[in-house]
Amino acid sequence: MTDFATPEDLRYTPEHEWVRRTGATTVRIGITDYAQSQLGDVVFVQLPEAGAEIAAGESFGEVESTKSVSDVFAPLTAKVTAVNIELDANPELVNSSPYEDGWLVDVEMGSENDLDEALAETLDAEGYRGITEG
């Protein structure tokens, strides 16, 4: 069995996205180490524009690899405040650094309470490992 990096300080979705809280109403979103390993070599990432609204459970982008094209699902409903433009020229950052340089988008929610509630719906690291090791 391969061990995948699953940082304890992040929240996770069953669809293999991670969420890192960056402020009272802001988070950064990416795909997990497990997800990038399943995809294989990432060759293209399609993301929304800054200012776009994303909705919980809906696709907000695609990650294309040598094996397949996979949707990226929004873990919460929010407004995109920044997009990782480094991925345009270097999509392989999703493979080499999924939790740092390979992040996808930064988003902002309307209130701290809304963000607290949305994060409560996600998985902790132990819960996510339960999905990937199952």
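None of the values given here were measured: they were computed from a predicted structure.

Of regular secondary structure, the protein possesses 5 helices and 9 strands. The secondary structure elements of the protein, listed N-terminal to C-terminal, are β-β-β-α-β-β-β-β-β-α-α-β-α-α. In summary, the protein has a C-alpha radius of gyration of 14 Å against a globular reference of 14 Å for 134 residues, a match within 12%. Dimensions of the protein, computed from the C-alpha atoms along their principal axes, are close to 40 × 30 × 20 Å. Among the 134 residues that make up the protein, the fraction classed as buried is 43%. Considering only residue pairs separated by 6 or more positions, the protein has 60% of its internal contacts joining residues 24 or more positions apart. Put simply, the protein shows about 6800 Å² of open surface, and 45% of that area lies on carbon and sulfur atoms. On the protein, the mean spot of the 7 positive side-chain charges and the mean spot of the 28 negative ones are 4 Å from each other.

Read across the sheet, 3 strands follow the order β4-β6-β7 without closing on themselves; strand pairing throughout is antiparallel. Two strands bound the open sheet, and with one partner strand each, they are β4 (42-46) and β7 (69-73). Going from strand to strand, the sheet's axes swing by 25 degrees on average, the running direction of each strand aside. Note that β4 and strand β6 (residues 59-65) share 4 bridges and pair antiparallel. Note on β6: the bridge partner recorded for F44 is E64.

Another aspect to go through is the pattern of salt bridges. Applying the stated criterion across every chain, the model contains 4 salt bridges. Taking the shortest distance from any N to any O, the salt bridge between R129 and E8 comes out at 2.8 Å. Placement of R129 in helix α5 (residues 125-132) and of E8 in the segment before β1 (11-12) is noted, with a sequence separation of 121 residues between them. A relative accessible area of 24% places R129 in the partly exposed class. Given a relative accessible area of 58%, E8 falls into the exposed group. Note that R28 is salt-bridged to D106, the shortest N-O span being 2.7 Å. In this pair, R28 sits in strand β3 (residues 26-31) while D106 sits in strand β9 (residues 105-108), placing the two residues 78 residues apart along the sequence. Here D106 falls in the buried class, since its relative accessible area comes to 14%.

Look at H16: it is not a glycine, yet its phi comes out positive at around 75 degrees. For H16, the location among the structural elements is in the loop between β1 and β2 (17-21).

Further remarks concern the UniProt feature "modified residue: N6-lipoyllysine" (unreviewed entry) in the protein. The sites that carry the UniProt feature "modified residue: N6-lipoyllysine" (unreviewed entry) are, in the present numbering, K67. Here K67 shows up in the loop between β6 and β7. The residues contacting K67, other than those within four sequence positions of it, are S37, Q38, L39 and G40. One polar contact links the side chain of K67 to the main-chain carbonyl oxygen of Q38, over a distance of 3.4 Å.

Rules used in this analysis
Residues numbered from 1 in each chain as written. Predicted model: local features only at pLDDT ≥ 70, side-chain atom pairs only at ≥ 80, totals over all residues. Heavy atoms only, no water. Helix = DSSP H or I, 4+ residues; strand = E, 2+ residues; numbered from the N terminus. Rg over C-alpha atoms; globule rule 2.2 N^0.38 Å. Buried < 20%, exposed > 50% of the residue type's maximum accessible area, 1.4 Å probe, protein only. Contact = heavy atoms within 4.5 Å. Areas by Shrake-Rupley, 256 points an atom, 1.4 Å probe, with all protein chains shown as cover. Lys, Arg positive; Asp, Glu negative; His and termini not counted. Charge placed at Lys NZ, Arg CZ, Asp CG, Glu CD. Pairing = 2+ DSSP bridges. Axes fitted to C-alpha atoms, helices over the stretch in contact; angles between N-to-C directions. Salt bridge = Lys/Arg side-chain N within 4 Å of Asp/Glu carboxyl O. UniProt positions renumbered as here; feature names shortened; annotations may be inferred. Polar contact = N/O pair within 3.5 Å; in protein donor to acceptor, adjacent residues only side chain to side chain.

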